[in-house]
Amino acid sequence: MQTTLPDPTHLADNHAHNRADIRAVVFDFGGVLFDWNPHHLYQELIPDAQEREHFLTHVCSSEWNIQQDAGRSLHDGTELLVAQYPQHEALIRAFYARWSEMLQGALDDGVALLRGLHARGVPVFGLTNWSDETFPYALANYDFLQLFRDIVVSGAEKCIKPDDIIYQIALERYRQHLPDLQPQQIVFIDDLARNVEAARRLGWHAIQHVDCQQTIRQLQALGVPA
């Protein structure tokens with residue numbers, strides 16, 4: 001996942017001494033570049049909103065799903081849940097059998113930001129909590145993922161945000177492309193506060209992505225030509 005981009009050491013305005021010396025922008029994927037949500041599928045499978053919410057909170061929960069993002073196989077995760085909730089077997093098996101229907105598509109404003117940074121020569125990287133069994137689908141169907149110099153996928157690394165170790169793995173990977181890259185030279189964009197806070201604890205700049213225009217303003221304040 002490499003591109004023949006220029007390798008700028010300094011992206012900040014030399015005259016703006018209060019700005020950070022940012023050398024890389026790191027993107028989370030879900031909620032920033034992708035509209036992924038189990039409700040996209042289960043609105044069809046469980047029409048009753050209260051029943052659907054209960055199922056996605058207590059059966060196919062985010063806590064269960066993130067274990068697959070952390071490296072547990074889809075098969076093992078599914079069988080574990082079927083054994084616990086045999087009355088919901090068909091609905092549980094649908095979660096990964098029809099997983100692509102939860103991926104509604106790209107978030108256009110986030111992708112536009114990514115493309116704009118890439119076009120300006122800003123090195124861009126990925127850091128995502130995503131199963132390594134489902135991520136190839138995104139890679140094959142969304143060409144903008146080819147803009148990243150490297151993508152760290154939690155399922156492949158067997159660890160997830162906000163654990164410190166995945167940020168440390170990511171930094172070492174990114175250094176293969178930008179030698180001597182320091183934490184304070186990175187700005188990380190993620191929609192979840194806990195992931196943003198973890199990055200900041202490790203010395204990264206980080207932006208909680210709520211609104212794309214707000215994210216752009218914060219990047220610009222750091223001297224990034226967004």
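Provided above is the structure to which this section pertains.
As the structure is a computational prediction, the values presented were derived from the model and not from experiment. (Residues numbered from 1 in each chain as written. Predicted model: local features only at pLDDT ≥ 70, side-chain atom pairs only at ≥ 80, totals over all residues. Heavy atoms only, no water.)

## A word on the overall build of the chain
For clarity, the cut-off: For helices the rule is a DSSP run of H or I covering at least 4 residues; for strands it is a run of E covering at least 2, with both sets numbered from the N terminus onward. As defined in this context, the radius of gyration uses C-alpha atoms, and a globule is described by 2.2 Å times the residue total to the power 0.38. We call two residues contacting when some pair of their heavy atoms lies within 4.5 Å.
Within the chain, the regular secondary structure consists of eleven helices and seven strands. Compactness check: the chain gives a C-alpha radius of gyration of 19 Å against a globular reference of 17 Å for 226 residues, within 12% of the reference. Overall, the chain is about 65 × 30 × 30 Å in size when its C-alpha atoms are taken along their principal axes. Long-range contacts, defined as pairs at least 24 residues apart, comprise 70% of the intrachain contacts of the chain with a sequence gap of at least 6.

## Comments concerning helix H10 (residues 193-201)
To keep things clear, this is the line we draw: Partly exposed describes any residue whose relative accessible area lies between the buried limit of under 20% and the exposed limit of over 50%, with all areas from a 1.4 Å probe on protein chains only and scaled to the type maximum. Each direction from the helix axis to a C-beta atom contributes to the arc, which is the arc of those directions.
Looking at H10, one finds that the buried residues are Asn195, Val196, Ala198 and Ala199. Seen end-on, H10 carries its buried residues on one side only, within an arc spanning 160°. In this structure, the buried side of H10 is in contact with helix H9 (164-175), strand S6 (186-190) and strand S7 (205-208). Gly203 sits one or two residues past H10 and shows a positive phi near 95°.

## Quick word on the pairing of strand S1 (residues 24-27)
Applicable threshold: By the convention used here, strands pair only if DSSP detects at least 2 bridges between them.
Burial of the side chains of S1 extends over both faces: Ala24 and Val26 are buried on one face and Val25 and Phe27 on the other. Relative to S6, S1 runs parallel, the two sharing four bridges. Pairing of Phe27 across the sheet is with Ile189, part of S6. As paired strands, S1 and strand S4 (residues 124-128) are joined by three bridges and run parallel to one another.

## Some remarks on helix H11 (residues 212-221)
Residues of H11 that are buried include every one of Cys212, Thr215, Ile216 and Leu219, and no others. For H11, the angular spread of buried residues about the axis comes to 100°, placing them on one side. Set apart from the buried face of H11 by more than 90 degrees, the exposed residues are Arg217 and Ala221.

## So, the environment of Gly223
Among the secondary structure elements, Gly223 is positioned in the segment after H11. Along the sequence, Gly223 and Asp21 sit 202 residues apart, while their C-alpha atoms lie 7.4 Å from each other.

## Points about the nonpolar core
Here is the rule: As used in this record, nonpolar core signifies buried Ala, Val, Leu, Ile, Met, Phe, Trp, Tyr and Cys residues forming a set joined through side-chain atoms within 4.5 Å.
Grouped together as the largest cluster of nonpolar side chains are 49 residues, with contacts concentrated most on Val25, Phe27, Phe29, Leu33, Phe34, Tyr42 and Leu145. In this structure, Phe125, Cys159, Tyr167 and Leu171 belong to the second largest nonpolar core, which totals 20 residues.

## Side note on the sheet that holds S4
The criterion, for reference: Axes, fitted as lines to C-alpha atoms, cover a helix only where it is in contact. Angles between the N-to-C directions of the axes lie from 0 to 180 degrees.
Ordered in space as S5-S4-S1-S6-S7, the five strands form an open sheet in which the pairing is parallel. A strand with exactly one partner marks an edge of an open sheet, and here the two such strands are strand S5 (151-153) and S7. Strand-to-strand twist in this sheet, taken as the mean axis angle between neighbours without regard to direction, amounts to 20°. Bridging between S4 and S5 involves three bridges; their strand directions are parallel. The residue of S5 that forms the bridge with Leu127 is Val152. Where helix H6 (residues 108-119) meets the sheet, its contacts fall on S1, S4 and S6, and the angle it forms with S1 comes to roughly 155°.

## Let's talk about the packing of H6 against H11
Between two packed helices, the angle of one axis relative to the other and the distance separating the axes together describe the packing. This is how it is decided: For classification purposes, an angle smaller than 35 degrees is called roughly parallel, one larger than 145 roughly antiparallel, one from 65 to 115 roughly perpendicular, and anything else oblique. Crossing handedness: left-handed means the near helix sits turned counterclockwise from the far one by under a right angle, and right-handed means the same turn made clockwise. Here the term charged refers only to Asp, Glu, Lys and Arg, the term nonpolar to Ala, Val, Leu, Ile, Met, Phe, Trp, Tyr, Cys and Pro, and the term polar to all other amino acids, Gly among them.
Running from amino to carboxyl end, H6 crosses H11 at an angle of 25°, the nearest separation of the two axes being 10 Å. Compared by their axis directions, H6 and H11 come out roughly parallel. Classified by chirality, the crossing of H11 by H6 is right-handed. Across the interface between the two elements, Asp109, Gly110, Leu113 and Leu117 from H6 touch Cys212, Thr215, Ile216 and Leu219 from H11. Class assignment of the residues belonging to the contact of H6 with H11 gives a composition of five nonpolar, two polar and one charged.

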